[in-house]
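Per-entry structural report
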Amino acid sequence: MTINVLITIFIGLSGGLAVGSGFVAFLTVLGIIPRLTQLTKTVDLIQAYEWAIVAGAITGGWVSLRDSKLYLSELFLVPIGLINGIFIGMLAAALTEVLNVFPILAKRIGIADKIVILLMAIVFGKVAGSLFHWLYFIDQ
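Remember, it's a predicted structure, so these values are computed and weren't measured experimentally.

A word on the side chain of T37. Positionally, T37 belongs in helix α2 (residues 32–40). With a relative accessible area of 2%, T37 lands in the buried category. In terms of polar contacts, T37 uses its side chain to reach the backbone carbonyl oxygen of P34, at 2.7 Å. Non-local contacts of T37, meaning those with residues more than four positions away in its chain, are made with T42, V43, I46 and Y49.

Below is the structure:
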C-alpha cells in the first residue's frame, strides 16, 4: 500500500515538473513577458507580471485537481468561451510565428505563393473541427 502511494507521488511530481518546465520554456521562447512589458511601457513591473503568471499557474493547477462547479448563466459562459478561444488561437499563432512553421512548410511542399490559402485552410479546419466537436459530443 505504501509503495503505491510513493509511486503515485513520484509520478505526480515528475509530471508536474515536466509540464512546468515545458510551460516556462514555452513562455521563454515566445518572449511573452518582456514583450508585454515593452508594449505597456511597464518594464519596472516585470516581477509583478512573472508573479501573476506563477499565481495563475498554481491556481489553475489547484482548480483542475478539484471537482469545482460554477453555476453560471449560459449567457455568461459564451463570452468566457470566446475569450478562451481567442487566447489559445493567439498563443498558437505566436508559436507558429516564432518558429516560422508556415513559411518553411509552404516552401517544402511548393506552395510558397499560396501561403494565405494554406493559413485559411488551417483556420477553417480548426473552426470546423471545433464546431463538430461541440455539436456532436455536447449531447453525449
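From this point, the narrative continues.
For the protein, the average pLDDT comes to 80, and 94% of its residues sit at 70 or higher. Element-level pLDDT for the protein is lowest in helix α5 (residues 101–109), with a mean of 75, against a maximum mean of 83 in helix α3 (residues 46–65).

For the rest of this paragraph, the subject is the side chain of T42. As for its position among the elements, T42 is in the loop between α2 and α3. Residue classification places T42 among the buried residues on the basis of a relative accessible area of 16%. A distance of 2.9 Å separates a polar atom in the side chain of T42 from a polar atom in the side chain of Y49.

With that settled, consider the packing of α2 against α3. With their axes 10 Å apart at the nearest point, α2 and α3 run at an angle of 130 degrees to one another. By the angle between their directions, the pair α2 and α3 is classed as oblique. Relative to α3, α2 is oriented so that their crossing is right-handed. Packed against α2, whose contacting residues are I33, L36, T37 and T40, the element α3 presents I46, Y49, E50 and I53 at the interface. Of the residues assigned to the contact of α2 with α3, the class counts are 5 nonpolar, 2 polar and 1 charged.

We now examine the packing of aromatic side chains. All told, the structure shown has 1 aromatic pair when counted by the stated rule. Arranged with centres 5.3 Å apart and planes meeting at 5 degrees, the rings of F132 and Y136 form a pair that is stacked. Linking F132 with Y136, this pair stays in helix α6 (residues 115–137), spanning 4 residues, or about one helical turn. A residue is classified by how much of its surface remains accessible, and Y136, at 43% relative accessible area, is partly exposed.

In this section: the environment of V5. Counting through the fold element by element, V5 comes out in helix α1 (residues 2–30). We classify V5 as partly exposed; its relative accessible area is 43%. Along the sequence, V5 and T28 sit 23 residues apart, while their C-alpha atoms lie 34 Å from each other.

Thresholds applied
Residues numbered from 1 in each chain as written. Predicted model: local features only at pLDDT ≥ 70, side-chain atom pairs only at ≥ 80, totals over all residues. Heavy atoms only, no water. Helix = DSSP H or I, 4+ residues; strand = E, 2+ residues; numbered from the N terminus. Buried < 20%, exposed > 50% of the residue type's maximum accessible area, 1.4 Å probe, protein only. Polar contact = N/O pair within 3.5 Å; in protein donor to acceptor, adjacent residues only side chain to side chain. Contact = heavy atoms within 4.5 Å. pLDDT = per-residue confidence, 0-100. Axes fitted to C-alpha atoms, helices over the stretch in contact; angles between N-to-C directions. Parallel < 35°, antiparallel > 145°, perpendicular 65-115°, else oblique. Left-handed = near helix turned anticlockwise from the far one by under 90°. Nonpolar A, V, L, I, M, F, W, Y, C, P; charged D, E, K, R; others polar. Phe/Tyr/Trp six-rings, centres within 6.5 Å; stacked < 30°, edge-to-face > 60°.

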